[in-house]
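# Examination of the molecular architecture
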Amino acid sequence: MPELPEVETIRRTLEPRVTGKRIERVDVRCRDLRWPIDEHFEQGLMGRTIRSLARRAKYLLLWLDDDRVWVVHFGMSGRLLFHESETAAGDKHDHVVVFLDSGASLVFNDPRRFGSMSLREPDDASLFEGVGPEPLDATRFNGAYLFAHGRRTKRSLKDVLMDQRVVAGLGNIYVNEALFVAGVRPRRALRRLTRSDCDRLAESVRAIISEAIEHRGSTISDFLDGIGRRGGYQWRRRVYDRAGEPCSVCATEIKAVVVGQRSSFYCPQCQR
DNA sequence: GTAAACCTGGCA
DNA sequence: TGCCAGGTTTAC
């Protein structure tokens, strides 16, 4: 579920609520996420104060006062919910509960268990080795970068933009949306784009990601931010999950195709 | 490259 | 009952 805008939205809602709070107790009810939670995880968090929250790609990073980092990935259905006071009964998919000294708690809930979390040692950057640039970093992610990448691959635009090694944080919703704004079809090969096409594509990615963050992410079915609110971008969707509906620009019927095992949506008139 | 794997829930 | 889902990894 959460792509970059959703994770950023979670970060922004949690930051003012958990920064400076001390972790008093950690209750891991299910260690069996995408990868098993390390046996020393609870001990490592206990007694630590949360210094700040950051995000890289689709990962939420909670920096602790001993310079270690609690890293959370949300997979398809993960949530991290802040509860002001002692939480009620608890959902059967509440896998990790972290109690703060303020009396509040953070609950990681994930029905599908594709999410993951770990405690990383100070300065351990291994998790992000090979992860591409942030799309909003125009100095590293831009038309020149995409064009250069196109010289050495035959892959489709959809495949390339979904690849976290090429650019970090994009997923199925926002790749589809960005391709619409750029006016190119998902199956087009990157190598067939001109340099100015690439400029336009990089700019479209940035525009869509910025707009999605502004609207606090997309709630197509599940997504909730750190305090249980739904996102707003789903109302602004151009093509994602809109097969059969009219294009907002030209009224042509939106088409669905499968590219790289994932559903893709585009307007046959606006995208070429 | 392509498919299958990991899991649960919702919908036709 | 079968298919689909915002993600990522691993195996042919």
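Residues numbered from 1 in each chain as written. Chains lettered and ligands numbered in written order. Predicted model: local features only at pLDDT ≥ 70, side-chain atom pairs only at ≥ 80, totals over all residues. Heavy atoms only, no water.

### Describing the sheet that holds strand E2 (residues 50-56)
Using the following cut-off: In this analysis, strands are considered paired if DSSP registers two or more bridges between them. Numbered from the N terminus, helices here are DSSP runs of H or I no shorter than four residues, and strands are runs of E no shorter than two. Orientation is described by axes fitted as lines to C-alpha atoms, over the contacting stretch for helices, and by angles from 0 to 180 degrees between their N-to-C directions. Contact criterion: two residues are considered in contact whenever any of their non-hydrogen atoms come within 4.5 Å of each other.
Here four strands make up an open sheet; going across it, the order is E2-E3-E4-E8 and the pairing antiparallel. At either margin of the open sheet sits one strand with a lone partner, and together these are E2 and strand E8 (116-120). The mean angle between the axes of side-by-side strands here comes to 20°, regardless of whether they run parallel or antiparallel. Relative to strand E3 (residues 59-64), E2 is paired through six bridges, and the arrangement is antiparallel. Bridge pairing in E3 places Ile 50 opposite Leu 64. Most of the contacts of helix H1 (residues 4-18) go to E2, to which it runs at about 170°, and overall it touches E2 and E3.

### A word on the nonpolar core
Worth spelling out the cut-off: Here, nonpolar core means buried Ala, Val, Leu, Ile, Met, Phe, Trp, Tyr and Cys residues that are tied together by side-chain atoms lying within 4.5 Å of each other. Residue exposure (1.4 Å probe, protein chains only): buried if accessible area is under 20% of the type maximum, exposed if over 50%, otherwise partly exposed.
Counting 35 residues, the largest nonpolar core has Leu 161 and Leu 201 as the members making the most contacts within it. At the level of elements, helix H4 (157-162), helix H5 (172-182) and helix H6 (195-214) are the ones that each hand at least two residues to this core. Examining the composition of this core, we find that eight residues originate from one element, H6, more than from any other. Excluding its chain neighbours within four sequence positions, the residues that come into contact with Leu 201 are Leu 146, Leu 157, Leu 161, Ala 178, Leu 179, Ala 182, Val 184 and Leu 193. Residues Leu 53, Leu 64, Leu 80 and Leu 106 belong to the second largest nonpolar core, which totals 29 residues.

### What about the protein's contact with DNA strand B?
What counts, and what does not: Near residues are defined by distance, with any heavy atom within 4 Å of the molecule or strand qualifying the residue. In protein, a polar contact requires one atom able to donate a hydrogen and another able to accept it; more generally it is a pair of N or O atoms within 3.5 Å, and residues adjacent in sequence count only if both atoms are side-chain atoms. Residues are grouped as follows: nonpolar covers Ala, Val, Leu, Ile, Met, Phe, Trp, Tyr, Cys and Pro; charged covers Asp, Glu, Lys and Arg; every other residue, Gly included, is treated as polar.
As a matter of local geometry, DNA strand B sits amid Arg 34, Lys 92, His 93, Pro 111, Arg 112, Arg 113, Phe 114 and Gln 261. By atom count, sugar and phosphate contribute 44% of the portion of DNA strand B lying within 4 Å of the protein. One of the side-chain N or O atoms of His 93 is found 2.8 Å from a phosphate oxygen in DNA strand B. At 2.9 Å, a side-chain N or O of Arg 113 approaches a sugar or linking oxygen of DNA strand B. For the surface near DNA strand B, the per-class residue count stands at two nonpolar, two polar and four charged.

### A closer look at H1
Counted only if it meets this: Expected span, for any helix, means 1.5 Å times one less than how many residues it has.
Between its terminal C-alpha atoms H1 stretches 20 Å, which fits the 21 Å expected from 15 residues at 1.5 Å a residue. When we look at burial in H1, the residues that qualify are Leu 4, Pro 5, Glu 6, Val 7, Glu 8, Thr 9, Ile 10, Arg 11, Thr 13, Leu 14 and Val 18. Just past H1, the residue Gly 20 takes up positive phi, approximately 85°.

### What about the protein's contact with DNA strand C?
Around DNA strand C, the surrounding shell holds 22 residues, and the nearest of these are Lys 58, Ser 218, Ser 221, Arg 262 and Ser 263. When atoms of DNA strand C within 4 Å of the protein are split into backbone and base, the sugar-phosphate part holds 54%. A distance of 2.8 Å is found between a sugar or linking oxygen of DNA strand C and a side-chain nitrogen or oxygen belonging to Arg 34. Between DNA strand C and Asn 172, the relevant distance is 3.1 Å, taken from a phosphate oxygen to a side-chain nitrogen or oxygen of the residue. Class assignment of the residues belonging to the surface near DNA strand C gives a composition of seven nonpolar, nine polar and six charged.

### Focus on the domain arrangement of chain A
To be explicit about the condition: Where a domain begins and ends is set by an automatic assignment or by a domain database. When two parts are put together, the accessible area they lose, computed with a 1.4 Å probe and summed over both, is reported as buried area.
Each assigned domain of chain A is listed with its residue range as follows: domain 1 (4-128) and domain 2 (143-235). Listed per partner, the contact involves 17 residues of domain 1 and 20 residues of domain 2. When the buried area of domain 1 at its contact with domain 2 is split by residue, Pro 5, Glu 6 and Arg 79 rank highest and sum to 32% of it. Here domain 1 and domain 2 share seven residue pairs in polar contact (both at pLDDT 80 or more) between them. For the side of domain 1 that touches domain 2, the secondary structure elements donating two or more residues are H1 and strand E5 (79-83).

### Structural notes on helix H3 (residues 143-150)
Short version of the rule: Arc definition: it is the arc formed by the directions from the helix axis to the C-beta atoms.
If you check which residues of H3 are buried, you get Gly 143, Leu 146, His 149 and Gly 150. In an axial view of H3, the angular spread of the buried residues amounts to 130°, which keeps them on one side of the axis. Turning to H3, the residues buried within the fold contact H4 and H6. The residue sitting at the N-terminus of H3 and contributing the capping side-chain oxygen is Asn 142; that oxygen lies 3.2 Å from the backbone nitrogen of Ala 144.

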